[in-house]
Amino acid sequence: MKRPFVVLAAGFVLGEVLALQYQKYWPVLLFLLTAAGAGGFGVPQAEGYAGLRNIRLRGAVRQGLLLLLLLAIFGGIGFARGSAVKGRLDREEAQAGIFSEARPVVSGKVARLEEKEDSWSFYLEDVRAEAGNQSAAFEKVWGYLKKEAAGEREAAGSDAGHAGREGEGLAVGKQVRIRGSLEAIEGPRNPGEFSFAEYYRSRGVSCRIFGDDILEISGEAYPYDLFLARLRSHCATVLDRVCKEEDAMIFKAILLGDMRAMEPDIKEMYQKNGISHLLAISGQHLTIIGGGLYLMLRRLGLGFGGSALLGGMLVVSYGILTGSSGSAMRAVIMILCLWAGAWAGRTYDSMSALALSAILLLWENPYLLTQSGFQLSFGAVAAIGGLSAWLGPALKLEKMWQVSLLVSLCVQIAITPLVVWQYYALPIYGIFLNLLVAPAVPVLMYSGLLAVGVGSFSVAAGEIAAGSGHYILAYYSRLCEWIEQLPGYSLVLGRPSMGQIAGYAGTAGVWIGGMVWGMRAAQQREEQAASRKRQGTAHGAVR
């Protein structure tokens, strides 16, 4: 079977979708699993199957049964995993309700920490909450604490104030005890409103604590995470120093995965025009950063294994530094598969690597399926590695501009229903705008990286390095402003139904199939005409 990981991933994703959204349909999955098992073991024993003389037909029947069996088995595994995660998060959400009238003390290990100007936000693992005679355990909780709360305690000279001074030592790996308000994270109250509940569930969290003060900090920080946190903070500081404020916000999103400081109108401008993917960490970022090191090591004479090991350490670290988003870790896994294939002497297949990354990421957290970044990232890569890779040879495209246009068209076809589902609007001119902005992305990346590198030693040199990036960002802004003057640049359609999405997929499939059939028929007619012409010329020469 070609590309077995794609089949396994399809079944696994289907099972998790049923578990998270349509649990009432689990008997259908059970029926498919039973039918696949019965078919897989029973059909080869049947007299009709043994009587098939066509070897190809027998192979096709056997392969179809194996495909159905694998889909059903991994669908069952996905359903079980999705149900387990959903059950845990639902249970923890219910547990948070017992502390609605209390201010519990929450203790746990810091798993992730982000320091802002006046506050900390963090994730705690292996959490225990206690208030009076009530207690509950949580796998993970999101927390928020204002620095001024600890400062007020310190000014009062209390014991809690001493703990507040130690709060400056908050770091990943340390144990903390915090008093505050523990609550479940609510879902959207109005249709179309952003769902914080789904977002935090994609992080493995269904509860949060708003801390009043830190009671205790103990243990040792993880040196690796502490190094990455300091490196990220240093890079952000350098960008603030050498770039204009608006440019720094975008550079921090592109290079560090930090969009907290970005102005809403800038983010909305990129989103409405269909180029918001420029602000997300993707395979292109990792190719520039990790791929550059890999190629340099190869040219220096280091083997495939050593280059892959050092390059892999860099891309994994970069993925963690930028926040470990679904799109970033998808790119990390795929580039590691590429280098592992080169080391093993095997051919790299992007669709198999994409399928493997989907299984690994969704096993860790099935709720990633609900996030727009995850959907658009996987949809775009599937369109490039699947649809455009098939259409290119089928249409016999040779010129680079034709291939680029085809790739952009395939990506637009694949992600259109996802964009409308998530944002309720469709940027009509997105396909053309992407053709104009995409070629400048590597230059923008190199400009930002160079600005951080040389800006760490010289502000003037950093400003010069960031200059090309500034003009590229200004070019992007002018393009968006121009596009927004065109009629119908963004169609507000609302969220489509599943039936409408299925109709869109069917229509797109018929259109693509008809286009390929028509192109092949035209090419065959041209080849036949050329053949007849050659035969006529040869016949005249003989006479």
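Everything numeric in this text was worked out from a predicted model, so none of it was measured.

I tried to follow the overall build of the protein chain on my own but got confused; where do I start?
Helix and strand counts for the protein chain stand at 21 helices and seven strands. Expressed as a percentage of the 543 residues in the protein chain, the buried residues total 41%. Across the protein chain, every contact between residues at least 6 apart in sequence was considered, and the portion connecting residues at least 24 apart equals 73%. Accessible surface for the protein chain amounts to roughly 29000 Å². Of this, 61% is attributable to carbon and sulfur atoms.

Would you mind going over a nonpolar patch on the surface with me for this structure?
There is a patch of nonpolar side chains on the surface, built from Leu302, Leu309, Leu310 and Met313 and spanning about 370 Å² of accessible area. In this fold, Leu310 is placed in helix H12 (residues 304–321). For Leu310, a relative accessible area of 39% translates into the label partly exposed.

Looking at this structure, how should I read helix H16 (residues 400–423)?
Structural remark: α-helix, 3.6 residues per turn; residues separated by three or four positions point the same way. Counted at 1.5 Å a residue, the expected span for H16 with its 24 residues is 34 Å, and the 32 Å between its end C-alpha atoms agrees. The largest bend in H16 comes to about 45°, at Ile415, with the proline Pro417 one to four residues further on. Within the span of H16, buried status applies to Leu406, Ser408, Cys410, Val411, Gln412, Ile413, Ile415, Thr416, Pro417, Val419, Val420 and Gln422. Trailing H16 by a residue or two, Tyr424 shows a phi angle of about 65°, which is positive.

Which parts of the structure should I look at to understand the packing of aromatic side chains?
One pair of aromatic rings is described through two measures. These are the centre distance and the angle between the planes. Following the criterion strictly, the structure yields 11 aromatic pairs and no others. Pairing Trp142 with Tyr200 gives two aromatic rings, centres 5.2 Å apart and planes at 45°, and the pair type is tilted. Taken as a pair, Trp142 in strand E3 (residues 134–146) and Tyr200 in helix H7 (residues 196–201) lie far apart in primary sequence, 58 residues in all. Residues Trp142 and Tyr200 agree in their burial class; the two are buried. One aromatic cluster in this structure is built from Trp142, Tyr144, Phe194, Phe196, Tyr199, Tyr200 and Phe210. Above the plane of the ring of Trp363 lies Arg81, whose end atom (NZ or CZ) is 4.9 Å from the centre. Taking the ring centre of Phe304 as reference, the NZ or CZ of Arg298 above it sits at 3.9 Å.

Mind showing me how you'd approach the nonpolar core here?
As a rule of thumb, soluble globular proteins bury nonpolar side chains together. Counting residues in hydrophobic clusters, the biggest one holds 68 residues, and the most contacted among them are Ile250, Tyr270 and Tyr476. Ile250 has contacts with Met262, Ile266, Tyr270, Leu279 and Leu473, leaving out every residue within four places of it along the chain. With 23 residues, the next largest nonpolar core counts Trp120, Leu124, Cys207 and Ile217 among its residues.

Explain the confidence of the model for the protein chain to me, please; I cannot follow it from the model alone.
If pLDDT is low for a region, its predicted coordinates should not be looked at in detail. When the pLDDT values of the protein chain are averaged, the result is 82; 87% of them are 70 or greater. Averaged over each element, pLDDT in the protein chain is lowest for helix H6 (residues 159–166) (39) and highest for helix H14 (residues 350–364) (93). In this model residues 45–50 is a low-confidence stretch, pLDDT under 50, and it forms six contacts with partners more than four residues away in sequence or in other chains. Note on residues 152–167: pLDDT is under 50 here. Beyond four places in sequence and across chains, it has 16 contacts.

When you look at the pairing of E3 in this model, what are you seeing that I'm missing?
Note on strand geometry: in a regular strand, side chains alternate between the two faces of the sheet. As paired elements, strand E2 (residues 119–131) and E3 share 12 bridges and run antiparallel to each other. The partner of Ala129 across the bridge, within E3, is Ala136. Counted between consecutive antiparallel strands, the loop separating E2 from E3 contains two residues, among which Gly132 sits at a positive phi close to 65°. Where E3 lies against strand E5 (residues 207–218), four bridges are found, and the strand directions are parallel.

Before we go on, may I ask you to explain helix H11 (residues 283–299) in this structure?
If you look at H11, its biggest bend is around 35°, right at Gly291. All of the buried residues in H11 are His285, Leu286, Ile288, Ile289, Gly290, Gly291, Tyr294 and Leu297. Within two residues after H11, Gly301 carries a phi angle of roughly 100°, on the positive side.

Is there a simple way to explain the packing of H14 against helix H15 (residues 372–395) in this structure?
Axes are the key here: two packed helices are described by the angle between their axes and the distance separating the axes. Interhelical geometry of H14 versus H15 gives an angle of 160° and a closest axis separation of 9 Å. Considered as vectors, H14 and H15 are oriented roughly antiparallel to each other. Note on packing geometry: the crossing formed by H14 with H15 is left-handed. Taking contact as the criterion, the partners of Ser350, Met351, Leu354, Ser357, Ala358, Leu361 and Leu362 in H14 are, on H15, Phe374, Phe378, Val381, Ala382, Gly385 and Gly386.

Can you help me understand the environment of Ala137 in this one?
Tracing the backbone shows Ala137 in strand E3. Given the relative accessible area of 41%, Ala137 is considered partly exposed. Sequence spacing of Ala137 and Ser107 is 30 residues, and the spatial spacing of their C-alpha atoms is 9.8 Å. Setting aside chain neighbours within four positions, we find Ala137 in contact with Gln95, Val127 and Arg128.

Explanation requested: the pairing of strand E1 (residues 105–115) in the structure shown.
With nine bridges connecting them, E1 and E2 associate as antiparallel partners. If you follow Leu113 over to E2, its bridge partner there is Phe122. Note: E1 against strand E4 (residues 175–184), five bridges, orientation antiparallel. Within the sheet, the bridge partner assigned to Val105 lies in E4 and is Arg179.

What exactly am I supposed to notice about the environment of Trp421 here?
Here Trp421 lies in helix H16. Separated by 49 residues in the primary sequence, Trp421 and Ser372 have C-alpha atoms spaced 9.0 Å apart. When near neighbours in sequence (up to four residues on either side) are disregarded, Trp421 contacts Arg495, Pro496, Met498 and Ile501.

Would you explain the sheet that holds E3 in this entry?
The strands making up a sheet associate through backbone hydrogen bonding, with each pair oriented either parallel or antiparallel. Here five strands make up a closed barrel; going around it, the order is E1-E2-E3-E5-E4 and the pairing mixed. Here the strands of the sheet are splayed against their neighbours by 45° on average, with no regard to which way each runs.

Parameters at a glance
Residues numbered from 1 in each chain as written. Predicted model: local features only at pLDDT ≥ 70, side-chain atom pairs only at ≥ 80, totals over all residues. Heavy atoms only, no water. Helix = DSSP H or I, 4+ residues; strand = E, 2+ residues; numbered from the N terminus. Buried < 20%, exposed > 50% of the residue type's maximum accessible area, 1.4 Å probe, protein only. Contact = heavy atoms within 4.5 Å. Areas by Shrake-Rupley, 256 points an atom, 1.4 Å probe, with all protein chains shown as cover. Patch = residues over 30% accessible without salt bridge, like charges linked within 9 Å, V, L, I, M, F, W, Y side chains within 5 Å. Salt bridge = Lys/Arg side-chain N within 4 Å of Asp/Glu carboxyl O. Expected span 1.5 Å × (residues − 1). Bend = angle between axes of the 7 residues up to and from the residue. Phe/Tyr/Trp six-rings, centres within 6.5 Å; stacked < 30°, edge-to-face > 60°. Lys NZ or Arg CZ within 6 Å of the ring centre and 35° of its normal. Core = buried A, V, L, I, M, F, W, Y, C linked by side-chain atoms within 4.5 Å. pLDDT = per-residue confidence, 0-100. Pairing = 2+ DSSP bridges. Axes fitted to C-alpha atoms, helices over the stretch in contact; angles between N-to-C directions. Parallel < 35°, antiparallel > 145°, perpendicular 65-115°, else oblique. Left-handed = near helix turned anticlockwise from the far one by under 90°.

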